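Here's the letter readout for the chains.
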Amino acid sequence: MDNPSAFDTCPTIAPFLGYAGVALSIILANTGAAMGTARAGVGIMQSGIKSPDLVWRNLIPIVMAGVNGIYGLITSIVVLGSIAMPSMGGNNRYSLYTGCAHLAAGLCCGLSGLGSGACIGIAGDAAIMACGSYDVESKRSIGRRRGDGKKKSGGGEKLFVAMVLVQVFAGNIALYGLIASIILSQQIFYCGGE
Amino acid sequence: MADASSICKSDFCNAGWAEVLTHMSPYGFANFGVAFGLGLSIVGAAWGIWLTGSSLVGAAVKAPRIRSKNLISVIFCEATAIYGVIMAIILTNKIKEPELADSYLSANWDFNGFYYAGYGMFSAGLSVGLTNIASGVSVGIAGSSCAIADAQDASLFVKILIVEIFASALGIFGIIVGIIQSNACTFPVAAL
């Protein structure tokens, strides 16, 4: 163990990088999911007080944020399955090449999940409160113009569609990170063959 | 690679990251994993409990009926702490010392196996701990919203409880990853 070289093909520290990838993936993606869930949850509370029947539709940002956490879990488990134990003779089988690839996979999924989750929360919070206040406004104006006879336009529906579109685009960017991390996690080389 | 003029002259220098990471004891890594796993989970649970609890008692001033139902939010935060305790117990049982009692190990020991186990436990502890901080804060904010909404309109309690359930699922993801990581990590107790 004197002077361990970082330039061996399978050095002792290679599992450190692999496990760091696993940990970073789950930690960062779940932090993003938590930020999204918390922020959108406060928006649901605020709009649900005035418009209780809209709450079920407004759970969409919460679900999208939770899916980000699942992406982090998927990447962690895929990478974890490929971190090879040292062989029976005491030689390391897990290469530095694979370790760096797995670290990159963890960072890809984790950081993109972090950004996506924060984005879902902020955009979802604003959208939920907008849908809620539109509902309140339209109910208030129905009350004033009683006997108008004009059919209410589907403005609330269009606002909801816009909210869903924004949430889908915000969730897409975490999917890009997941795809990149799955591709990175396939870059495997073991010393001493499979 | 490195010529004599660029290498630090003191005896305490490390030549690179490989030396830094292999000059720290694997038992140190493993025990720090236990400590971070438990301690950071408790920090997350505590953060969530004070967020929920302060909103709960504040809203209950005007709406005392919400007191007992909204304690479930506090219990969700407590579950986050329990995940940390589970992880700490699992990891502590896996930290085993070598069977012989000499002052150093001879060359025919599986040093790579020691470091593999140590790094794995460190990563498992950090995964659980930091995920539970995120989950605990999120459950706390959701629970605080739940209490305030329940005080306004009792039908909102169940709807916002769903947000809390999604938030506490994040802590479950963390402990799943931690348990799978710790499965493969065993310290060698005998020479090769």
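Residue indices follow the written sequence of each chain, beginning from 1 at its first position. The order in which chains are written sets their letters, starting at A; the order in which ligands are written sets their numbers, starting at 1. Restriction of local features to residues with pLDDT of at least 70 applies here, the model being predicted, together with a cutoff of 80 or more for giving and counting side-chain atom pairs; totals for whole chains, interfaces and linings are based on all residues. As a rule here, side-chain values come from all non-hydrogen atoms in the structure, and water together with hydrogens is ignored.

Turning our eyes to something else, we now look at the interface of chain B and chain A. Throughout, a residue-residue contact means that at least one pair of heavy atoms, one from each residue, lies within 4.5 Å. Residue-level contacts link 46 residues of chain B with 49 residues of chain A. When the area that chain B buries against chain A is broken down by residue, the three leading residues are N112(B), Y116(B) and K159(B), summing to 17%. For this analysis, a salt bridge means a side-chain nitrogen from Lys or Arg found within 4 Å of a carboxyl oxygen belonging to Asp or Glu. Applying the counting rule to chain B against chain A returns zero salt bridges. For the purposes of these results, a polar contact is taken to be a pair of N or O atoms within 3.5 Å, where, inside protein, one atom must be able to donate a hydrogen and its partner to accept one; residues adjacent in sequence count only when each atom of the pair is a side-chain atom. For the interface between chain B and chain A, the tally reads eight residue pairs in polar contact (both at pLDDT 80 or more). Note on conventions: DSSP H or I runs of at least 4 residues are helices, E runs of at least 2 residues are strands, and numbering of each starts at the N terminus. For the side of chain B that touches chain A, the secondary-structure elements that each account for two or more residues are α1 (17-22), α4 (111-152) and α5 (156-183) of chain B. The biggest single contributor to the side of chain B that touches chain A is α4(B), with 21 residues. Here the side of chain B that touches chain A is built from residues that sort into 29 nonpolar, 13 polar and four charged. Throughout, the accessible surface (probe 1.4 Å) given up by two parts as they are put together, summed over both, is called the buried area. Residues are grouped as follows: Ala, Val, Leu, Ile, Met, Phe, Trp, Tyr, Cys and Pro are nonpolar; Asp, Glu, Lys and Arg are charged; all remaining types, including Gly, are polar.

The description of an aromatic ring pair rests on the distance of the ring centres and on the angle between the ring planes. Only centres within 6.5 Å qualify two rings of Phe, Tyr or Trp (six-membered ring in Trp) as a pair; their planes then separate them into stacked at under 30 degrees, edge-to-face at over 60, and tilted for everything else. Taken as a whole and assessed by the stated rule, the structure comprises twelve aromatic pairs over all chains. Residues F114(B) and F187(B) carry aromatic rings whose centres are separated by 6.1 Å and whose planes lie at 50 degrees to one another, so their mutual orientation is tilted. With F114(B) in helix α4 and F187(B) in the segment after α5, this pair connects stretches of sequence that are 73 residues apart. Across the pair, exposure class does not vary: F114(B) and F187(B) are buried alike. An aromatic cluster is present here, built from F16(A), F29(B), F32(B), F36(B), Y115(B), Y119(B) and F122(B) joined pairwise through their rings. The criterion is that NZ of a Lys, or CZ of an Arg, lies within 6 Å of the ring centre and within 35 degrees of the ring normal, and then a charge sits over that ring. Taking NZ or CZ as reference, R57(A) lies 4.2 Å from the ring centre of F160(A), over its face. The ring of Y190(A) has R93(A) sitting right over it, with the charged end atom 5.0 Å from the ring centre. For every residue, the accessible area (1.4 Å probe, protein chains only) is compared with the maximum for its type, and the residue is labelled buried under 20%, exposed over 50%, or partly exposed between those bounds.

Moving on: the UniProt feature "domain: V-ATPase proteolipid subunit C-like" (unreviewed entry) in chain A. UniProt positions are given in the numbering used here, feature names are shortened, and annotations may be inferred rather than shown by experiment. UniProt records the feature "domain: V-ATPase proteolipid subunit C-like" (unreviewed entry) for residues 21-78 and 103-184 of chain A in the present numbering. Between the end C-alpha atoms of residues 21-78 of chain A the distance is 11 Å, and the span holds 84% helix and 0% strand.

All right, on to the pattern of salt bridges then. All names here are of chain A. This model, assessed by the stated rule, comprises five salt bridges over all chains. R57 is paired through a salt bridge with E157; the nearest N and O atoms lie 3.0 Å apart. Placement of R57 in the loop between α1 (14-50) and α2 (60-80) and of E157 in helix α4 (residues 155-185) is noted, with a sequence separation of 100 residues between them. Given the relative accessible area of 46%, E157 is considered partly exposed. In this structure, K139 and D135 form a salt bridge, with 2.8 Å as the shortest nitrogen-oxygen distance. Placement of both K139 and D135 in helix α3 (residues 96-144) is noted, with a separation of four residues, approximately one turn of the helix. Look at K139 and you get partly exposed, because its relative accessible area is 48%. By relative accessible area, D135 is classed as buried at 18%.

What follows concerns the UniProt feature "transmembrane region" (unreviewed entry) in chain B. All names here are of chain B. Mapped onto this numbering, the UniProt entry gives "transmembrane region" (unreviewed entry) at residues 29-50, 71-93, 113-135 and 156-180. The annotated region residues 71-93 carries 100% helix and 0% strand content, and the separation between its end C-alpha atoms amounts to 33 Å. Overall, residues 156-180 shows 100% helix and 0% strand. The separation of its end C-alpha atoms is 37 Å.

Another point: the UniProt feature "domain: V-ATPase proteolipid subunit C-like" (unreviewed entry) in chain B. Summarizing the sequence annotation, UniProt attributes the feature "domain: V-ATPase proteolipid subunit C-like" (unreviewed entry) to residues 32-91 and 122-180 of chain B in the numbering used throughout. Between the C-alpha atoms that bound residues 32-91 of chain B the distance is 11 Å, and the span itself is 82% helix and 0% strand.

Turning next to the nonpolar core. Soluble globular proteins tend to bury their nonpolar side chains together. Counting residues in hydrophobic clusters, the biggest one holds 44 residues, and the most contacted among them are Y19(A), I83(A), Y119(B), M121(B) and F187(B). Counting residues per element, the ones that place at least two in this core are α1 and α2 of chain A together with α1, α2 (26-59), α3 (71-94), α4 and α5 of chain B. The biggest single contributor to this core is α4(B), with ten residues. Counting residues in each nonpolar core, the second largest holds 23 residues, with V139(B), A149(B), L156(B) and V163(B) among its members. Remark: nonpolar core denotes a set of buried residues (Ala, Val, Leu, Ile, Met, Phe, Trp, Tyr, Cys) joined through side-chain atoms within 4.5 Å.

A helix is expected to span 1.5 Å for every residue after the first. Relative to the 50 Å expected for 34 residues at 1.5 Å per residue, α2(B) spans 49 Å between its end C-alpha atoms, a close match to the ideal helical length. The distance from a side-chain oxygen at the start of α2(B) to the backbone nitrogen of Y27(B) is 3.1 Å, and the residue carrying that oxygen is S25(B).

Our next topic: the environment of G117(A). Residue and element names in this part refer to chain A. Here G117 is to be found in helix α3. C-alpha separation for the pair G117 and A29, spaced 88 residues apart in sequence, amounts to 7.7 Å. With near-sequence residues (within four places) excluded, G117 lies in contact with G32, A33, M35, G36 and N68.

Okay, the UniProt feature "transmembrane region" (unreviewed entry) in chain A next. All names here are of chain A. As recorded in UniProt, the sites labelled "transmembrane region" (unreviewed entry) are residues 16-38, 59-83, 103-136 and 159-184. Taken end to end, residues 59-83 is 84% helix and 0% strand, and its first and last C-alpha atoms sit 37 Å apart. Between the C-alpha atoms that bound residues 159-184 the distance is 39 Å, and the span itself is 100% helix and 0% strand.

Its location among the elements puts L73(A) in helix α2. Once the C-alpha coordinates of L73(A) and A23(A) are considered, the two residues, 50 residues apart in sequence, prove to be 9.9 Å apart. Leave out the neighbours within four places in its chain, and L73(A) touches I26(A), F173(B), I176(B) and V177(B).

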